[in-house]
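# Structural features, examined
Residue strings, one per chain:
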Amino acid sequence: MNTANQTQLFDTFRYFESLLPDFARTGLFNPAAQRYVRGSTARPMATVVERRQETADTVSFVLKTPVNYPDYQPGQHVDVAVEINGVRTVRQYSLTGIDGRGSIKDKTISVTVKRAAGGKVSNYLHEHIHAGAQIEISNPRGDFAMPTTDRSAYLFFSAGSGITPIYAMACALLARGASGDIYFFHAAKNRHSVIFCEALRGLATEFKNFHHYFFYSEGAETNRLSAASALALLQNTVDSSQTPVRICGAGDFVRSIENDLKEMRYFDIQSEYYTLPKWPSEGLRSDIPVGADQEPSWLHGTARFLRAGIETKVATNLLEAAEAAGLKPKHGCRRGICHECKAHKRNGIVKNILTGKESAGSEDIQLCITQPMGEVEIDL
Ligand code: FES
């Protein structure tokens with residue numbers, strides 16, 4: 001076989017390999033990627049080319065990716081896996097880089113990691129990962145996406161480290177020359193804890209259509225970010241029916257902004273939850289009659305885990321119910337982002353905790369964000 005044919009054959013294998021799910025991908029047909037493979041595992045390894053302190057407790061890592069690493073969209077995330085005390089541990093981090101902080105052209109990406117109290121992976125990354133280190137990453141994943149067509153205005157809301165995908169989207173919009181007004185509302189503890197603070201100010205200086213507003217929960221400048229407090233600053237200059245909204249942060253923050261904007265007739269809303277909203281949430285209880293003093297029966301739906309032969313009541317979500325019943329379903333983020341907890345439902349009606357949508361019959365579901373509405377049967 002001549003070299004051209006060999007290359008063609010490898011390309012064909014690589015193409016089919018790229019269609020496999022992450023866990024089944026080997027890198028076998030990508031000689032360039034194999035340089036990044038350590039030991040017997042063959043997962044994409046990235047090299048840290050820069051470590052940048054963003055705030056006292058937040059660091060960005062710029063990563064050089066393997067040669068065949070796919071392009072990514074702002075809003076997507078990667079799984080970062082590290083070995084801590086002999087245990088491989090995985091967390092999801094939004095991609096923050098697009099122009100300036102990682103770029104598709106240079107095959108670099110960046111993730112921005114805020115130390116979480118007691119957080120195994122975030123603390124490990126802060127303490128042990130410096131320029132030159134290699135870390136395992138997944139391909140970019142996720143459906144959180146910015147609008148693909150240009151609009152006359154965009155609303156972005158974020159809180160704490162929820163700024164990371166939102167910042168990536170705003171940067172990408174500006175980089176692609178969007179001329180609509182970009183309104184960026186961010187909530188933080190105080191001015192010292194705003195991630196990308198200087199970068200955001202720089203964008204406002206460079207682009208006349210970029211407007212940012214910070215809201216603080218501590219200190220003399222306290223001003224709570226809500227949909228109402230944000231929109232009051234815009235003095236009704238935005239057309240709700242035409243304006244896309246992207247929100248990211250802790251569950252209750254996101255849920256509250258979402259609910260308020262829906263009431264104000266904003267239709268194009270996409271959110272990413274960094275934690276699940278408190279249980280049960282107001283947004284999901286709209287079907288409870290006002291004044292009802294009893295919890296609805298679906299809060300205590302029943303799950304039948306068919307392979308295990310276990311039936312159990314579900315007070316929160318199916319992942320927690322399965323774990324409480326002694327099962328160990330595969331999972332990652334526990335907040336609806338990574339899809340690692342996907343399982344097949346044979347029967348029954350379920351509700352998606354984040355979207356409030358109900359669905360019935362045979363389908364794949366994410367256990368961590370799904371609650372049963374009555375009895376459901378799961379292949380687990
Ligand atoms: S564990 Fe990540 S989506 Fe359920």
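Residues numbered from 1 in each chain as written. Predicted model: local features only at pLDDT ≥ 70, side-chain atom pairs only at ≥ 80, totals over all residues. Heavy atoms only, no water.

### A look at the overall build of the chain
This is how it is decided: In DSSP terms, a helix is any run of H or I states spanning at least four residues, a strand is any run of E spanning at least two, and both are numbered starting from the N terminus. Each residue's exposure class comes from its accessible area (1.4 Å probe, protein chains only) as a fraction of the maximum for that residue type: buried when under 20%, exposed when over 50%, partly exposed otherwise. A contact between two residues is defined here by any heavy atoms of the two lying within 4.5 Å. Reported accessibility uses the Shrake-Rupley method at a 1.4 Å probe radius. Residues are deemed covered only where the shown protein chains occlude them.
Across its full length, the chain carries eight helices and 19 strands. Sorting the 380 residues of the chain into buried and exposed places 48% on the buried side. Counted over contacts in the chain with a minimum sequence separation of 6, partners at least 24 positions apart contribute 64%. Roughly 18600 Å² of accessible area belongs to the chain as shown, and the carbon and sulfur atoms make up 51% of that amount.

### Some details on the nonpolar core
Applied cut-off: Nine residue types can take part in a nonpolar core, namely buried Ala, Val, Leu, Ile, Met, Phe, Trp, Tyr and Cys, and a core is a set of them joined through side-chain atoms within 4.5 Å. Residue ranges for the domains trace back to a domain assignment, done automatically or taken from a database.
With 43 residues, the main nonpolar core has L155, F157, F185, F253, L261, L367 and I378 as its most contacted residues. Each of domain 2 (153-275) and domain 3 (297-378) gives at least three residues to this core. Residues within four places of F253 in sequence aside, it is in contact with F157, S158, A159, A187, L225, I247 and C248.

### As for the side chain of S138
In plain terms, the rule: Pairing of N or O atoms within 3.5 Å defines a polar contact, subject to two protein rules: one partner must be a possible hydrogen donor and the other a possible acceptor, and residues neighboring in sequence count only if both atoms are side-chain atoms.
Considering the arrangement of structural elements, one finds S138 in the loop between β6 (134-137) and β7 (153-159). Separated by 2.9 Å, the side chain of S138 and the backbone nitrogen of D79 make a polar contact.

### Quick notes on the confidence of the model for the chain
For clarity, the threshold we go by: pLDDT runs from 0 to 100 and stands for how confident the predictor is about each residue.
Scored by pLDDT, the chain comes out at a mean of 83, with 81% of its residues at no less than 70. For residues 1-41, every residue scores under 50 in pLDDT, and the model assigns this stretch 36 contacts once sequence neighbours within four places are set aside. A low-confidence stretch, residues 279-297 (pLDDT under 50), is modelled with 22 contacts involving residues beyond four sequence positions or located in other chains.

### A look at the pattern of salt bridges
Close approach of charged atoms lets side chains of opposite charge pair. Note the cut-off: The rule for a salt bridge is simple: a side-chain nitrogen of Lys or Arg has to be within 4 Å of a carboxyl oxygen of Asp or Glu.
This model, assessed by the stated rule, comprises 18 salt bridges. Notably, a salt bridge pairs E50 with R52, separated by 2.9 Å at the nearest N-O pair. By relative accessible area, which is 32% here, E50 ends up partly exposed. Residue class for R52 comes out partly exposed when judged on its relative accessible area of 22%. Across the pair D379 and R346 runs a salt bridge, and its minimum N-O distance is 2.9 Å. Of this pair, D379 sits in the segment after β19 (375-378) while R346 sits in strand β14 (residues 342-347); the two residues are 33 residues apart in sequence, bridging distant segments of the chain.

### Quick word on the packing of aromatic side chains
Two measures describe an aromatic ring pair: the distance that separates the ring centres and the angle between the ring planes. Under the convention used in this document: Side-chain rings of Phe, Tyr and Trp (the six-membered ring for Trp) are treated as a pair once their centres are within 6.5 Å; stacked means planes under 30 degrees apart, edge-to-face means over 60, and tilted covers the remaining angles. Charge-over-ring placement is defined geometrically: NZ (Lys) or CZ (Arg) within 6 Å of the ring centre, and within 35 degrees of the ring normal.
Using the criterion set out here, one finds six aromatic pairs in the structure. Arranged with centres 6.3 Å apart and planes meeting at 50°, the rings of F156 and F184 form a pair that is tilted. Here F156 is found in strand β7, whereas its partner F184 is found in strand β8 (residues 181-188), with 28 residues between them in sequence. When sorted by exposure, F156 lands in the same class as F184, which is buried. Grouping aromatic residues by their ring pairs yields a cluster made of F157, F185, Y213 and F215. The cationic tip of R335 hangs over the ring face of Y274; the distance from NZ or CZ to the ring centre is 5.1 Å.

### Here we look at unusual backbone geometry
Backbone geometry places R334, a non-glycine residue, at a positive phi of 60°. Within the fold, R334 resides in the loop between α8 (318-324) and β14. Overall, R334 belongs to the partly exposed group, its relative accessible area being 32%. Here H339, not a glycine, exhibits a phi torsion of approximately 65°, which is positive. Judged by relative accessible area, H339 falls into the partly exposed class, the value being 35%.

### A look at the sheet that holds strand β9 (residues 210-216)
Test applied: What makes two strands pair is DSSP finding at least two bridges between them. Throughout, an axis means a line fitted to C-alpha atoms (over the contacting stretch in the case of helices), and angles, computed between N-to-C directions, take values from 0 to 180 degrees.
Reading across the sheet, the five strands line up as β9-β8-β7-β10-β11 and stay open at both edges, with parallel pairing between neighbours. This sheet does not close on itself; its edge strands, each paired only once, are β9 and β11 (269-273). Averaged over all pairs of adjacent strands, the angle between strand axes in this sheet comes to 10°, irrespective of strand direction. As defined by bridge partners, β7 adjoins β8 across seven bridges and the pair is classed as parallel. Following the sheet pairing, L155 is matched in β8 by Y183. Lying over the sheet, helix α4 (residues 163-175) contacts β7, β8, β9, β10 (245-249) and β11, oriented at roughly 155° with respect to β7. Docked against the sheet, helix α6 (residues 227-234) engages β7, β8 and β9, running at close to 140° with respect to β9.

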